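Fold and geometry: a report
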Amino acid sequence: MDKFKIIKTFNSNKPIIIWDGKKEVEADFIFPAEMSNDKIVNFFISEGKGLLCLATQEDYLIKKGFFKLPSNNSDKLNTNYFITIDHKSTNTGISARDRAETIKNFSSEQDISYFKYPGHIQLLGSIGINNRKGHTESSVELMKLLGFKPFAMLIEILDQNGNSHNFEYIKNLSRKYSIPLINVEDIYTEVINEKLYISPITEAKLPTKFGKFKIIGFENKFDGKEHFAIYKGDLKKEPLFVRIHSECVTGDVLTSRKCDCGSQLHRAMQKINKLGNGLIIYLRQEGRDIGITNKIKAYELQDKGFDTVEANLKIGMPIDNRDYAIAAQILKSLNIKRIILMTNNPDKVNQLRKYGIEVIKEEKHFGEITEENKFYLQIKKLKMNHKITLEEESI
């Protein structure tokens, strides 16, 4: 993401476009609220055509006295709507000049007493891009990344027929006005690379059947889950052997033979104990982060002949919902940047590198093969691109 180019675009009184290619292929014009003027507002209305909004952090809105609109919780995107406003200095509030006045005054940090409501500017509350990868959160985070106040004006782009989700139209607009097209994922990655949400807060000895380790607990402002890590030796020694293990209560605790998860965890502990140095990060991402109940639903379908990929899709879940940003955050909180990763999963490697971790080597890491998990492992290899050789898996 070219920050200089984005700032130059804003200084030319032009917006950028943020689009979401994963969730809804929808795009919005974005512009710093503090730079609002009637010309840019008119551009938003005439070329964007959607609902003109003003986004900032939810806690800020509440602190300043603004309040949420009532909801029946039927919006599948969970857009965080607050009241609509006009500044008291405006006339009708609907003109481009009036709307620009409202937006600019809001960005000067005035509270609700300076505004009329309902009005013509829709307020949106960001809950943080770590909690929701929406345009609201992306636009606010982008403002902060670029050094602007955390207030963004945005409007959804509709095509010539009044329809959204037309990516060809969006790309043509970007070319026509020479304005950058930024993906939500790019902003998310930039935030993860620049901001640390995790910090280690407690550590204790952990003697196990596989050797003596230490266990670390973290303060987690990223997703609120109680991820933890165990290690042996010196964490400052780089490159460090690292295993990132996603929670599998059926395999890790109940010793299920449907998967190889429990044996992978135990073999990682044995290897690190033998090496005398290494780290295991235990992520609370049960069932590739769909949760235990959904995992059991998928198991039920697997019992009927579906494979693990088909079963997840059949119950409306992603094939693999894991985001290793949290693992990268944990590594950074421990000042670990260069690692040898014990994994068969290329997505894990790619994500860690994207989030600023230098994976200098991938070391295959096999679990126990059983009659019950052979098909599961074949599907991981064929449909999920895991680097598994089933003959080696049994070693």
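Look up a bit, the structure's there.
I will try to describe carefully the structure that is included in this document. Computed from a prediction, not measured in an experiment: that's the story for all the values here.

Regarding the pairing of strand 4 (residues 81–87)
Within strand 4, six of the seven residues are buried, which leaves it mostly tucked inside the rest of the structure. Sheet analysis places strand 4 next to strand 5 (residues 115–126), joined by five bridges and oriented antiparallel. Of the residues in strand 5, the one forming a bridge with isoleucine 85 is isoleucine 121.

Section: unusual backbone geometry
Residue tyrosine 117 is joined to proline 118 through a cis peptide bond whose omega torsion reads 0°. Along the chain, proline 118 falls in strand 5. Glutamate 238 connects to proline 239 through a cis peptide bond whose omega is 0°. Structurally, proline 239 is set in the loop between strand 10 (228–232) and strand 11 (240–246). Its identity as a non-glycine residue notwithstanding, asparagine 13 has a phi of 65°, on the positive side. Within the element layout of this structure, asparagine 13 appears in the loop between helix 1 (3–11) and strand 1 (16–20). Positioned with a positive phi, asparagine 385 is a non-glycine residue whose angle comes to about 60°. Tracing the chain through its elements places asparagine 385 in the loop between helix 15 (374–384) and helix 16 (390–393).

Regarding the environment of threonine 79
Take threonine 79: it is sitting in the loop between helix 3 (58–63) and strand 4. Relative accessible area serves as the criterion here: at 22%, threonine 79 is assigned to the partly exposed category. In this structure, the C-alpha to C-alpha distance between threonine 79 and histidine 135, residues 56 residues apart in sequence, is 9.4 Å. If we ignore the near neighbours within four places in the chain, the residues touching threonine 79 are Leu124 and Arg132.

Examining helix 14 (residues 346–354)
Residues Pro346, Lys348, Val349, Gln351 and Leu352 constitute the buried set of helix 14. Between the side-chain oxygen at the start of helix 14 and the backbone nitrogen of aspartate 347 there is a gap of 3.0 Å, and the oxygen is on asparagine 345. Of the residues trailing helix 14, glycine 356 is marked for its positive phi of about 95°.

Description of the pairing of strand 8 (residues 198–208)
The side chains of a regular strand alternate between both faces of the sheet. The pairing of strand 8 with strand 9 (residues 211–220) spans 10 bridges and is classified as antiparallel. By the bridge assignment for strand 9, alanine 204 is matched with isoleucine 215. Count of turn residues in the strand 8/strand 9 antiparallel hairpin: two residues.

Description of the sheet that holds strand 10
If you trace the seven strands from one edge of the open sheet to the other, you get 8-9-10-12-11-13-14, paired in mixed fashion. The strands lining the two open edges of the sheet, one partner per strand, are strand 8 and strand 14 (358–363). Strand after strand, the sheet turns through a mean of 25° between neighbouring axes, direction not considered. Direction of pairing for strand 9 relative to strand 10: antiparallel, over a ladder of four bridges. Across the sheet, residue isoleucine 215 finds its bridge partner in strand 10, namely isoleucine 230. Together, strand 8, strand 9, strand 10, strand 11, strand 12 (278–283), strand 13 (338–342) and strand 14 form the strand contacts of helix 9 (residues 261–275), whose direction differs from that of strand 12 by roughly 155°. Across the sheet, helix 13 (residues 325–333) lies against strand 8, strand 9, strand 11, strand 12 and strand 13, angled at about 140° from strand 12, the strand it touches most.

Examining the packing of aromatic side chains
Under the criterion given, the structure shown has 16 aromatic pairs. Each ring, one from phenylalanine 43 and one from tyrosine 177, has its centre 5.0 Å from the other, and the planes form 85°; the classification is edge-to-face. On the criterion of sequence distance, the pair formed by phenylalanine 43 in helix 2 (residues 38–48) and tyrosine 177 in helix 6 (residues 167–177) is long-range, its members being 134 residues apart. The class of phenylalanine 43 is buried, set by a relative accessible area of 17%.

Describing the sheet that holds strand 4
Pairing is mixed in the open sheet, where seven strands are placed in the order 4-5-3-6-2-1-7. Two strands lie at the open edges of the sheet, namely strand 4 and strand 7 (181–183), each paired on one side alone. When the angles between neighbouring strand axes are averaged without regard to direction, this sheet yields 40°. Sheet strands touched by helix 4 (residues 96–106): strand 3 (53–57), strand 4, strand 5 and strand 6 (152–156). Its angle to strand 5, the strand with the most contacts, is close to 55°.

A short note on the environment of isoleucine 201
Relative to the helices and strands, isoleucine 201 resides in strand 8. Overall, the relative accessible area of 58% leaves isoleucine 201 in the exposed class. For the pair isoleucine 201 and aspartate 303, spaced 102 residues apart in the sequence, the C-alpha separation amounts to 42 Å. Those residues within four positions of isoleucine 201 in sequence are excluded, and the remaining contacts are Gly217, Phe218 and Glu219.

Here we look at the side chain of histidine 365
Following the sequence through the fold, histidine 365 ends up in the loop between strand 14 and helix 15. At 2.7 Å, the side chain of histidine 365 forms a polar contact with the backbone oxygen of glutamine 264. Beyond its immediate sequence surroundings of up to four residues, histidine 365 is in contact with Arg243, Gln264, Arg267, Ala268, Met342, Thr343 and Asn344.

Points about the pattern of salt bridges
Inspection of the entire model under this criterion finds 23 salt bridges. A salt bridge links aspartate 260 to lysine 380, with the shortest nitrogen-to-oxygen separation between them at 3.8 Å. With a gap of 120 residues between them, aspartate 260 in the loop between helix 8 (249–252) and helix 9 and lysine 380 in helix 15 connect regions that are remote in the sequence. As far as burial versus exposure is concerned, aspartate 260 and lysine 380 are alike and both buried. Residues participating in the shared-partner salt-bridge network are Lys3, Glu190 and Glu194.

Criteria and cut-off values
Residues numbered from 1 in each chain as written. Predicted model: local features only at pLDDT ≥ 70, side-chain atom pairs only at ≥ 80, totals over all residues. Heavy atoms only, no water. Buried < 20%, exposed > 50% of the residue type's maximum accessible area, 1.4 Å probe, protein only. Helix = DSSP H or I, 4+ residues; strand = E, 2+ residues; numbered from the N terminus. Pairing = 2+ DSSP bridges. Contact = heavy atoms within 4.5 Å. Polar contact = N/O pair within 3.5 Å; in protein donor to acceptor, adjacent residues only side chain to side chain. Axes fitted to C-alpha atoms, helices over the stretch in contact; angles between N-to-C directions. Phe/Tyr/Trp six-rings, centres within 6.5 Å; stacked < 30°, edge-to-face > 60°. Salt bridge = Lys/Arg side-chain N within 4 Å of Asp/Glu carboxyl O.

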